[in-house]
Each structure stands twice: as C-alpha cells, then as structure tokens.
Amino acid sequence: MGVLDDFPRSHSYMIDHHLRMPRDLFARYDAGGRPGADEAGLRAYGIWAQLRLSLGDTGGHAHPEEVRRVVREVADGDIPWTVEDTRALWDIADTLSSCGHTDHAELYRIPLAAIATLGHPERRRILGDPPPWHPARRGPGRAALRKELKRVLTEPPEHGAAGVVRSLVWDGDPLARAMAGRYADRLTHPAVLPLLKHWCKATANRPSEPWLAKVRTLLTDEGVAVLRDLLSRLATHRESREPDGRVFLARRTALPLRGMLWTCEVIDAPWVPTLLGDVAINCGIGRNGTGGTAVCRDERLANAALNALAKRGGLDTVGALARVRARVRRPALLAKASHALDAVVAQEGLSHEQLVDRTVPAFGLGPDGVREERAGGCVVRLDGDGPVLRFVNASGRVVKSAPRAVREEPVLAELKATLKDLRRTQAAERLRLEQMLIVQRELPWQEAERYFFDHPVTGPCTRALIWRLPDGFAGLPVRSGDGWALAGVSGAAVRPDAATPIRLWHPVQESAEGVGDWRGHLLERGVRQPFKQAFREVYLLTPAEERTRTHSDRFTGHFVRYGQAKALLEQRGWSGLSIGHWDYECGGDIGAAVKTLAGWQASWGMHVASDPEQDGWGTASCAATEAIRFRHAGPPGDAPLTDVPLTDVPPLVFSELLRDADLAVGVGSYGLDQRPAAGHDRYWRTYGFGELNEAARTRHDVLARLLPRLKIADRVELTGRFLRVRGRLRAYRIHLGSGNILMEPNDAYLCIVPGPGHAAPPVFLPFEEDGGMLSVILSKAFLLADDTAISDPSITRQLAPV
C-alpha cells in the first residue's frame, strides 16, 4: 500500500484530475527511498510527505510520530517550491480537512512553509476564493488557520502604502490595483485607513446599526472624498481579463466598495443620489453593458446602492431610481427600484411619471440653457447645447480649452463633473420622451409647459417634437406671450387650456399625406428631432401577415450577430433570450425574446446558427431569426395564452414591436458586412442588395427631400433601391439598406470601410446622429462624386475602368 492508496477514495478525483502527481517517485519513497539533491525529487518528496498525513476515508486526529517527523523535516527544509507544487499541497490539505482530519497544525505545516517561499501575488492566487466544488468550501481547515493566513497574506512594512492596501483588498482586478496604486497614499492616510479597514468588514446583506454607528465616528472629509472618487470609478468600471478568466470585480474588491455604498446612507450631499444610481446601473446590467435578466455584473453592489437610495428617500432620489428602471432588466433589482419609487409616490401623492417630471435636475442652467461661472478672471460657460464647456478669456474671446488662470480653480472641476451628469441626464430624457411616444402618455397642458417646454434640460428636446391635442390638431411648441402654444404645419397656432390633455404625435395615427407634410416642414425649418418621430418607420399589417394570421414572418430568416442583436433588444425592453451550444436535448439552442407593451406581449424566436467548435461550445455567435407572435399579456404566473390574430393587435403596438426587430436586424445582420461571412454568401447578397426594409424606405424619403439641396445634386439620383452617383471615373449605386456599393457597368462590388472617425456629410440630417446609415450613405456619395480626388489606395485600385 502506498500514499496514493491511502488517500480518501471519496476524493480520488483530486488525485486523478486536479493534481499532477509524480507517481514513479512516490513508489520509490513508499519503498523507503530518499530523495537526491535534484530539485524535482525534493519537491516530489515534499508532496509525498503531505500525502502521508492521510488517515483514510474516516479521518482522525492522531498521526504516527514517524509521519510527524517527516512532515517537520520537509517543512523546515530548503525546498524550491513552485506555484503548482504549493497549490497541490494546499489542495491535499483542504481535501483531508474536509474528510474529518482534524490536526490542522500538522495538515497545513508544509503548505504554510511552501507558500511562505512565494511572492505575495502568488500567495493571493493560491489562497483566493476556491471554486464551489473545491473541498476548501466544506472543510474547517482554513477557518482554523485564520491567524496564520493573515500572517502570510499581509505584506511587510517595506512595501509601503501599496502593500498595506493590497493586504486588505488584494489585486484581483483593475480597480483593486488602482486602489493600491494611485489611491494608496490617500487610503492609508491616518484619517482614512481605519475607515478602509471597516469597509472591508461589509460582509452582511445590509449594514447593521452598530456598523453604521462606527462609520459615523470614523468618517472624515478625506474619507468622503476618496469614497466619492472610487465609487465614481466603479460607476464606469468594466470587465477585465484576469488569470482565472473575465472578471468584473474580485470578491475582496467588492467588500470595501459595498462598505462605501453603505456609508452613503450617512452622507448628506447632493451628489450622492446620482452617484448611487450610476453604480446601481453599471453593476446591475449584464456583461459588457447589456441589460440582460439572466446575469448582472454584481447584484450585491447594485442592491447596496438601491438600498441606500431607498433609505435616503425624498424627491432627490427619483431621477436616479427612474434611470435604474429604464436601464436594468434584473427582476429583483427592478422590483427594488419600483418599491423605492412607490415609497416616494406615497409620500408625495403623485404618480411615478409625475415624480420624474418634477425632479429632472436643471444643473443651474438658465432659461437659455447656459450657466456661467467666473474663475481666475475668466468666464466658464456650461452650454446645454452639446453639451459642452466653453471659456471666455480675460479679453472676452471664446476659446475651446481652459485658460491657464482657470485650470486650478475648484469651479472648473465642479463644472466638469456637472457636464458628465448633464450628458447622462440628456440621454435619459431622450429615452424617457421616446417611451412617452410609444406608450402614448397623456399629461395636462399646464404640466407640459412647466416641466417640459420650460425646463432647461428637457425643453430643447420637447420643443423639437410634435404634440397632439384630443381634437387631432398637432404642432410644435412655440412661445406665445408668457406661455406656449402649438404651431401646426400651416402656421396656425393653438394655445390649449391649462387642463387640456396632450400627448406626443405618432405617425401611425396620421395619414401618409400628413406625415409627408410634417417631414417637409421639419426639413424646411431645420428642426433636428432628439429621436425619430416624423421620420419614424411605420409597420402596417401586410397581406402576407393577414394570411399567416397569428404570426409575422417579416423578419424571419435573417442571420444576425447574436450578441449585438440581443444587446439592442435588451436596451429596448426585450428579455428572456439566451441561446447557445448547451443542453440541446432541452432546447438550449433555441429561444425567444419577449417584450410587453400596452397589455400585449410579442415573442420573437431565434435559434443557433453558428459552429459549436468556433463558439467554444458556449454562447452562440450567430443566430437565425424566426417568426414574431403576439399574445395578450397576463399577470405573472398565469397560464400561457395562445397566439392572437395579428388583426387584433393595435396598429401602434404592432408597429413599435416590429420596429424593434428591424433595428436589431439593422444592427446585427451579417448582410451588413463588407464581405460575406463563410456560409452566408447568398444571404449577404440578398440583404446587401435586395428589397428595402422600412428603415431603408424612410431613408429613401429623406434623400428624395435632401438631394435637391446638396452641392452634388446634379451628380446623384434615386433609382429604386439605390442612390446612383455619377463620378468622373465610373458610376456607382449605393444600396439604401446596407450602404454597399456596386459599380457600373458590370455591377462590380466596391468595398469602402468607413473609419471610426469618418467625416460627416456637409448637410443637415433630420434625425440620425453621426455614424448612422444615412450619414454613411451620404458620406460615400460625396466621396464618389469626386472620385478622381480619392487617394486611398485600398479604394483606387478597385476603380480601374472596365
């Protein structure tokens, strides 16, 4: 019998699969042999000695004296341990501890001696959080060695402030390394270090009153400042590639951060609610910023932030909670945010929507959307149009960069932080207004004037949107005396009564002629809408959908990049989609995205369409789309309802849900590639040059109105699915759906890849931001109209005449 035979049979998998055992040397030592002077033999002898501590399956406490002597000889010896050897020693000791071996001083004598020969980064890697299956999770050994573990993991004084911080938070992710780097001196300051140690004890689900009481005694201005800086970093932190895989935050980093979030409960400062909301969103969404329901980056930290917001209460938390509800999809987090809002609703006697209307921050902007502060003899101007910071120097000239006299002024740092908050708020307001359009929310005219048209942040967006009265009249907000009126396409203005309900105008409720009139009016006046409203795609029921009755095949048969399509759908409120190369027998390769709108539920099926080997047998890289079906949305837990006829679905609901599908295909389709992906040649050709979808037909309409205004108007024309451009070398046809280009006369494909900073076309665009497909098409048109001026060799070598 040898040491391997004596090892607990219930844990033989540790020997067979997880430990690299030098079995030939073990047999020699079992027979009474001794190691030589070679390093490999000495290390194998040490592992053999560790295995001799096994007392079999039942364990025990008393080890033979001869075994103890060998163990002490090895522990006291000068053996050149490697990281792999040391990890094996700890795995053996943890396994024996979990099998009833109770003499922990002997079990861990060699592992402690071995790990003491390694550097502190290697020690942390070995003694880090073990996986769920590991015996260290079940055995009491490491708990019994708490003092010894603290000793080997604490860096010596000569490692300075960085060593002190690393001893507390380790170095498992970029944020932990930043804490031990640029923040080390601040964190080890006498006014902060006791607070950091207290933060590292935030192991419970919620802070206890004694925990918070101690925070109040330890809190200092320096502590609040470094807390704010670190939580601001957490609000924008991203995953990183670490030795053990992709990591958002290591557990030991998350502990003090949770303590900081708990501490926000006792900090009374105006920046706290916004920062807590940012943290809750960043930690509550999925990997890489998606809003998936299945996973979120760190639910405990998101919970801690939401708990702090809920405990704070009051109107100043409403904006942050509303942003959380708009971005996060995790049901438990959504419920927590809604519950916190409900508490404020009950306190204030208002609806959720009314609360948000009343609590959008103004950031000190005046009615003109500008805030000015004097600093260093200059003026610093925060302009909501952009938004952007501008500087007026002492001579009165506007300059882009901060004059030297301003750079060290505290007001500049405060305005830069305000600028970031303003950008986030403007994005949230655009999203909120678009949601108001989709759900057709009504509000009294007097509230629209006060909380929308007059607001310095929300106002510029709302004044560029078309609003509708109950009698069907629609118009843009315009000043009228000391209030507002609605001006229609004809120029006629109406000033409603204070209680008159209004809502955002939707093109699906308007005639084609009326939509066309509004599109022309906005272009003529140069009105750029914050999102597509007048130029919004409308998806009406087609004869084919009337024939299929209960499902739409309009977006069936597309091949999309699964990650991109899923991310866009989740951002627009869809959930439940999770497909990959797992559990084929139970349907892991098929799934559906689901969204509920106005009492109706849409379900869009997808299945895996990529190679499992290339995907590493994990999440799909490519998905094929299936039919979209509609049902009445019942309460959670009700029996699933059957598909309903599409003719029963309200036109606005049908249009908006199909628009989401079109956007997902428009973002993730393999037909958008510059070259066909392997196996998708036919689809690439069909999508890249085939019939136009609703988004492309909208581009056709916009271009028909824009082209006569362009300086290249005499060189471009619309021909069916293409924008035809006459260059001096050749003629080109740009597809309005994909942006792909064919060259006449032989339809040769021309590959032009827009760079990340490609120049925007010199023309007003009514709805798309820079980088949208309309912008790409116009940029290509301007480039090709003057093809003799092209110097890029990757393009010119394709332009050789036929």
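None of these values were measured; they are calculated from a predicted model.

A few points about the pairing of strand E16 (residues 600–608)
Here is step 1 of the chain: Burial of E16 is extensive: seven of the nine residues sit out of reach of the surface.
Here is step 2 of the chain: Note that strand E15 (residues 590–597) and E16 share eight bridges and pair antiparallel. Note on E16: the bridge partner recorded for Ala592 is Gly605.
Here is step 3 of the chain: In this structure, the hairpin formed by E15 and E16 is closed by a connection of two residues, where Ala598 is found at a positive phi of approximately 55 degrees.

Describing helix H18 (residues 251–263)
Here is step 1 of the chain: Compared with an ideal rise of 1.5 Å per residue, which puts 13 residues at 18 Å, H18 spans 19 Å between its outermost C-alpha atoms and is within 8% of the ideal.
Here is step 2 of the chain: Counting buried positions over the 13 residues of H18 gives eleven, a clear majority of the element.
Here is step 3 of the chain: Along H18, the positions that sit buried rather than exposed are Thr253, Ala254, Leu255, Pro256, Leu257, Arg258, Gly259, Met260, Leu261, Trp262 and Thr263.

Considerations on the nonpolar core
Here is step 1 of the chain: Among the nonpolar cores identified, the biggest contains 83 residues, and Trp604, Phe630, Leu723, Leu750 and Leu784 are the most heavily contacted of them.
Here is step 2 of the chain: Looking at this core element by element, the count peaks at nine residues for helix H33 (residues 773–785).

Comments concerning the packing of helix H6 (residues 83–98) against helix H9 (residues 120–127)
Here is step 1 of the chain: At a minimum axis separation of 10 Å, H6 and H9 run at an interaxial angle of 35 degrees. As H6 packs across H9, the resulting crossing turns out to be right-handed. Of H9, the residues touching H6 (which contributes Val83, Thr86, Arg87 and Trp90) are Glu122, Arg125, Ile126 and Leu127.
Here is step 2 of the chain: Classifying every residue of the contact of H6 with H9 by side-chain character gives four nonpolar, one polar and three charged.

Some thoughts on the pattern of salt bridges
A side chain with one charge may pair with a side chain of the opposite charge, provided their charged atoms come close.
Here is step 1 of the chain: A full pass over the atoms with the stated rule returns 57 salt bridges.
Here is step 2 of the chain: Linking Glu434 and Arg536 is a salt bridge whose minimum nitrogen-to-oxygen distance equals 2.9 Å. One end of the pair, Glu434, is in helix H24 (residues 410–439); the other, Arg536, is in the loop between helix H27 (512–525) and helix H28 (543–548), with 102 residues separating them in the sequence. The pair Glu434 / Arg536 is uniform in exposure class, with both members buried.

What about helix H20 (residues 299–312)?
Here is step 1 of the chain: Over its 14 residues, H20 extends 20 Å from the first C-alpha to the last, a length consistent with the 20 Å expected when each residue adds 1.5 Å.
Here is step 2 of the chain: For H20, the complete set of buried residues consists of Leu301, Ala302, Asn303, Ala304, Ala305, Leu306, Asn307, Ala308 and Leu309.
Here is step 3 of the chain: Turning to H20, the residues buried within the fold contact helix H17 (221–234), H18, helix H19 (272–284), helix H21 (318–327) and helix H22 (331–348).
Here is step 4 of the chain: At the N-terminal end of H20, a side-chain oxygen is found 3.3 Å from the backbone nitrogen of Arg300, two or three residues along, and the residue is Asp298.
Here is step 5 of the chain: Positive backbone phi, approximately 60 degrees, marks Gly313, located one or two places after H20.

Quick word on the pairing of strand E20 (residues 731–735)
Here is step 1 of the chain: Most of E20 is tucked away, with five of its five residues classed as buried.
Here is step 2 of the chain: Burial along E20 is two-sided: the residues Ala731, Arg733 and His735 and Tyr732 and Ile734 are all buried.
Here is step 3 of the chain: Note: strand E19 (residues 722–726) against E20, five bridges, orientation antiparallel. Within E20, the position partnered with Arg724 by the bridge is Arg733.
Here is step 4 of the chain: As consecutive antiparallel partners, E19 and E20 are separated by four residues.
Here is step 5 of the chain: Bridge count for E20 against strand E21 (residues 741–743) is three bridges, and the pairing is antiparallel. The residue bridging Arg733 from the neighbouring strand is Leu742, located in E21.
Here is step 6 of the chain: Between E20 and the antiparallel strand that follows it, E21, lie five residues; Gly739 among them carries a positive phi value of about 80 degrees.

Topic: the sheet that holds E20
Here is step 1 of the chain: Pairing within the open sheet is antiparallel, and its five strands lie in the order E18-E19-E20-E21-E22. At either end of the open sheet lies a strand with only one pairing partner, and these are strand E18 (716–719) and strand E22 (748–750). On average, each strand axis in the sheet is inclined to that of its neighbour by 30 degrees, with strand direction left out of account.
Here is step 2 of the chain: Across three bridges, the pairing between E21 and E22 is antiparallel. Note that in E22 the partner of Met743 across the bridge is Ala748.

Concerning the sheet that holds strand E8 (residues 467–468)
Here is step 1 of the chain: Taken in spatial order, the six strands make up an open sheet running E7-E12-E8-E9-E10-E11, and their pairing is antiparallel. The open sheet has two edge strands, strand E7 (443–444) and strand E11 (493–494), and neither has a second partner.
Here is step 2 of the chain: The sheet contact formed by strand E10 (residues 483–487) and E11 spans two bridges and is antiparallel. If you follow Leu486 over to E11, its bridge partner there is Val494.

With respect to the packing of aromatic side chains
Here is step 1 of the chain: Counting across every chain of the model gives 17 aromatic pairs.
Here is step 2 of the chain: When the ring of Trp211 is compared with that of Trp262, the centres are 5.0 Å apart and the planes differ by 85 degrees; the resulting orientation is edge-to-face. Within this pair, whereas Trp211 is found in helix H16 (residues 209–218), its partner Trp262 is found in helix H18, the two being separated by 51 residues in sequence. As far as burial versus exposure is concerned, Trp211 and Trp262 are alike and both buried.
Here is step 3 of the chain: One aromatic cluster is present, built from ring pairs that chain together Trp445, Phe452, Phe453, Trp467 and Trp484.
Here is step 4 of the chain: Here the basic side chain of Arg252 rests over the ring of Trp170, its NZ or CZ set 3.9 Å away from the ring centre.
Here is step 5 of the chain: The residue whose ring lies beneath Arg733 is Phe722, and the NZ or CZ to ring-centre distance is 4.7 Å.

So, unusual backbone geometry
Peptide bonds are trans in most cases, and residues, glycine excluded, mostly fall at negative phi.
Here is step 1 of the chain: A cis amide bond, omega -20 degrees, links Gly386 with the succeeding residue Pro387.
Here is step 2 of the chain: Tracing the backbone shows Pro387 in the loop between strand E4 (378–383) and strand E5 (388–392).
Here is step 3 of the chain: Along the chain, Glu744 connects to Pro745 via a cis peptide bond; the corresponding omega equals 10 degrees.
Here is step 4 of the chain: Residue placement: Pro745 occurs in the loop between E21 and E22.
Here is step 5 of the chain: Of note in this structure, Arg549 is not a glycine but carries a positive phi near 65 degrees.
Here is step 6 of the chain: Tracing the sequence through the fold places Arg549 in the loop between H28 and strand E13 (551–552).
Here is step 7 of the chain: With a phi close to 55 degrees, Ala598 is a non-glycine residue in the positive phi region.
Here is step 8 of the chain: Mapped onto the elements of the fold, Ala598 is located in the loop between E15 and E16.
Here is step 9 of the chain: Under the relative-accessibility criterion, Ala598 is labelled exposed at 63%.

Conventions we followed
Residues numbered from 1 in each chain as written. Predicted model: local features only at pLDDT ≥ 70, side-chain atom pairs only at ≥ 80, totals over all residues. Heavy atoms only, no water. Buried < 20%, exposed > 50% of the residue type's maximum accessible area, 1.4 Å probe, protein only. Helix = DSSP H or I, 4+ residues; strand = E, 2+ residues; numbered from the N terminus. Pairing = 2+ DSSP bridges. Expected span 1.5 Å × (residues − 1). Core = buried A, V, L, I, M, F, W, Y, C linked by side-chain atoms within 4.5 Å. Axes fitted to C-alpha atoms, helices over the stretch in contact; angles between N-to-C directions. Left-handed = near helix turned anticlockwise from the far one by under 90°. Contact = heavy atoms within 4.5 Å. Nonpolar A, V, L, I, M, F, W, Y, C, P; charged D, E, K, R; others polar. Salt bridge = Lys/Arg side-chain N within 4 Å of Asp/Glu carboxyl O. Polar contact = N/O pair within 3.5 Å; in protein donor to acceptor, adjacent residues only side chain to side chain. Phe/Tyr/Trp six-rings, centres within 6.5 Å; stacked < 30°, edge-to-face > 60°. Lys NZ or Arg CZ within 6 Å of the ring centre and 35° of its normal.

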